[in-house]
Amino acid sequence: MNQVTTQKPHELLAATLSGEMEAVNTLIQTRMASEHAPRIPEVTAHLVGAGGKRLRPMLTLAAARLCGYEGEHHVKLAATVEFIHTATLLHDDVVDESGQRRGRPTANLLWDNKSSVLVGDYLFSRSFQLMVETGSLRVLDILANASATIAEGEVLQMTAASNLATDEAVYLQVVRGKTAALFSAATEVGGVIAEAPADQVKALYDYGDALGIAFQIADDLLDYQGDAATTGKNVGDDFRERKLTLPVIKAVAQATDEERAFWTRTIEKGRQEEGDLEQALGLMAKYNTLEATRQDALLWAEKATDALVELPDHPIRQMLHDLAEYVVSRLH
């Protein structure tokens with residue numbers, strides 16, 4: 001078997017865009033520097049250096065290349081997207097009181113909450129400086145709206161996460177905010193900077209939106225049936241953190257009075273006891289909600305691949321198609 005066929009779609013995309021990704025990484029290093037506050041590059045370097053697939057900036061580069069762009073502004077936009085993403089991670093870890101991310105201690109644990117919040121603010125500011133440098137008001141509009149939607153999604157999640165009244169429509173709104181908004185903005189601005197036709201820009205938006213939703217649903221499902229070594233999360237972390245995600249929302253919707261009392265005690269009130277996770281998994285099995293959630297993820301991945309039909313025939317289009325399928329291929 002040759003090397004190409006064994007590469008995962010995001011690895012193949014990274015290899016194809018390696019020169020541009022190198023330029024993005026250099027720009028990130030340059031722009032996260034601070035002459036007056038050395039803690040800023042310290043905190044940022046810890047998170048940026050933790051690895052990760054850099055999927056969002058890669059999507060911007062891929063969309064621009066796919067639409068025939070030959071300038072350099074897509075590199076600034078890719079760095080912008082990564083800065084927004086990194087800023088939200090710093091803030092999320094404070095809100096969630098997280099101690100670990102990507103297998104390493106979080107910035108708020110190594111430094112403190114104040115540093116994480118303020119460095120996150122700095123990165124948001126840096127991202128807006130980069131956007132402005134492209135000279136495109138439309139790009140600024142898209143990314144500014146995405147930033148507002150992300151913040152809105154996080155606040156909505158805070159109020160909805162442990163509320164049994166949260167239904168699938170609210171869940172989708174949260175996912176669109178906290179995950180899909182940046183995916184869709186990342187792909188859309190790639191098309192805009194390339195001055196692609198309106199139908200292609202819309203297709204890129206639709207692809208990013210559906211990919212982001214599939215990605216988050218898959219992530220939420222893996223919390224209950226994933227392998228801790230692969231996902232970096234222990235099975236049931238969301239349950240222990242009282243997060244209402246799709247598999248539980250589907251089980252609550254079908255619950256008997258007795259089962260609803262169980263969900264009220266464990267999720268809404270947070271009074272969890274030995275054996276509760278096993279009971280929760282049993283209720284999900286009873287109503288087959290893990291499989292129903294998997295089907296939802298597959299459906300969104302299919303919507304992502306369908307959107308690509310509007311885009312030019314190009315090797316990158318096939319990579320984006322394979323990426324959407326790969327996001328849900330981890331599910332069993």
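In what follows, the structure referred to is the one given above.
The text that follows walks through the structure, step by step, so that each part is easy to find. (Residues numbered from 1 in each chain as written. Predicted model: local features only at pLDDT ≥ 70, side-chain atom pairs only at ≥ 80, totals over all residues. Heavy atoms only, no water.)

**A word on the overall build of the protein chain**
- Of regular secondary structure, the protein chain possesses 18 helices and two strands.
- Expressed as a percentage of the 332 residues in the protein chain, the buried residues total 51%.
- When contacts within the protein chain are restricted to residue pairs at least 6 apart in sequence, those whose partners lie at least 24 apart make up 75%.
- When the accessible surface of the protein chain is summed, it comes to about 15,200 Å², and 51% of that surface belongs to carbon and sulfur atoms. (Helix = DSSP H or I, 4+ residues; strand = E, 2+ residues; numbered from the N terminus. Buried < 20%, exposed > 50% of the residue type's maximum accessible area, 1.4 Å probe, protein only. Contact = heavy atoms within 4.5 Å. Areas by Shrake-Rupley, 256 points an atom, 1.4 Å probe, with all protein chains shown as cover.)

**Focus: helix α14 (residues 246-253)**
- Counting buried positions along α14 gives seven out of eight residues, so the element sits mostly inside the fold.
- Within α14, the full set of buried residues consists of L246, P247, V248, I249, K250, A251 and V252.
- Of the surrounding elements, those touching the buried residues of α14 are α10 (168-193), α11 (198-225), α15 (257-268), α16 (276-286) and α17 (289-307).

**Thoughts on the environment of L204**
- Along the chain, L204 turns up in helix α11.
- By relative accessible area, which is 0% here, L204 ends up buried.
- Along the primary structure L204 and S184 are separated by 20 residues, whereas in three dimensions their C-alpha atoms are 7.2 Å apart.
- Those residues in contact with L204 that sit more than four places away from it in its chain are A63, C67, T187, E188, G191 and L311.

**Some points on the pattern of salt bridges**
- Under the defined criterion, the tally for this structure stands at 15 salt bridges.
- R265 is the salt-bridge partner of E273, the closest N and O atoms lying 3.7 Å from each other.
- By relative accessible area, E273 is classed as exposed at 51%.
- Assessed through its relative accessible area of 18%, R265 is described here as buried.
- Taking the shortest distance from any N to any O, the salt bridge between D276 and R265 comes out at 2.9 Å. You can see D276 sitting in helix α16 and its partner R265 sitting in helix α15, a full eleven residues away along the chain.
- You can call D276 buried: its relative accessible area is 4%.
- Because the salt bridges share partners, they merge into one network encompassing R31, K76 and E133. (Salt bridge = Lys/Arg side-chain N within 4 Å of Asp/Glu carboxyl O.)

**Here we look at the packing of aromatic side chains**
- With the rule as written, the count across this model stands at three aromatic pairs.
- Measuring from ring centre to ring centre gives 5.4 Å for F183 and F215, while their planes differ by 45°; the resulting arrangement is tilted. Here F183, found in helix α10, pairs with F215, found in helix α11; they are 32 residues apart in sequence, far enough to count as distant.
- A relative accessible area of 23% places F215 in the partly exposed class.
- With a centroid separation of 6.5 Å and an interplanar angle of 75°, the aromatic rings of F239 and W263 are classed as edge-to-face. Residue F239 is found in helix α13 (residues 237-240), and its partner W263 is found in helix α15; the two are separated by 24 residues along the sequence. (Phe/Tyr/Trp six-rings, centres within 6.5 Å; stacked < 30°, edge-to-face > 60°.)

**Points about the nonpolar core**
- By size, the foremost hydrophobic cluster in this structure holds 95 residues, and its most contacted members are L143, Y207, L211, W263 and L320.
- Considering every element that reaches this core, the biggest residue donor is α11, with 13 residues.
- Those residues in contact with Y207 that sit more than four places away from it in its chain are L59, T187, A304, A307, L308, L320, L323 and A324. (Core = buried A, V, L, I, M, F, W, Y, C linked by side-chain atoms within 4.5 Å.)

**Observations regarding unusual backbone geometry**
- Look at E195: it is not a glycine, yet its phi comes out positive at around 55°.
- Accessibility expressed as a relative area gives 72% for E195, which makes it exposed.
- Its identity is not glycine, yet R242 carries a phi of approximately 60°, on the positive side.
- By secondary structure assignment, the location of R242 is in the loop between α13 and α14.

**What about the packing of helix α5 (residues 55-66) against α11?**
- Running from N to C, α5 and α11 point in directions that differ by 155°, and their axes come no closer than 12 Å. On the basis of the axis angle, α5 is roughly antiparallel to α11. Judged by the sense of rotation from one axis to the other, the crossing of α5 with α11 is right-handed. Across from L55, R56, L59 and A63 in α5, the residues of α11 making contact are L204, Y207, L211 and F215.
- The residue inventory of the contact of α5 with α11, partitioned by class, reads seven nonpolar, no polar and one charged. (Axes fitted to C-alpha atoms, helices over the stretch in contact; angles between N-to-C directions. Parallel < 35°, antiparallel > 145°, perpendicular 65-115°, else oblique. Left-handed = near helix turned anticlockwise from the far one by under 90°. Nonpolar A, V, L, I, M, F, W, Y, C, P; charged D, E, K, R; others polar.)

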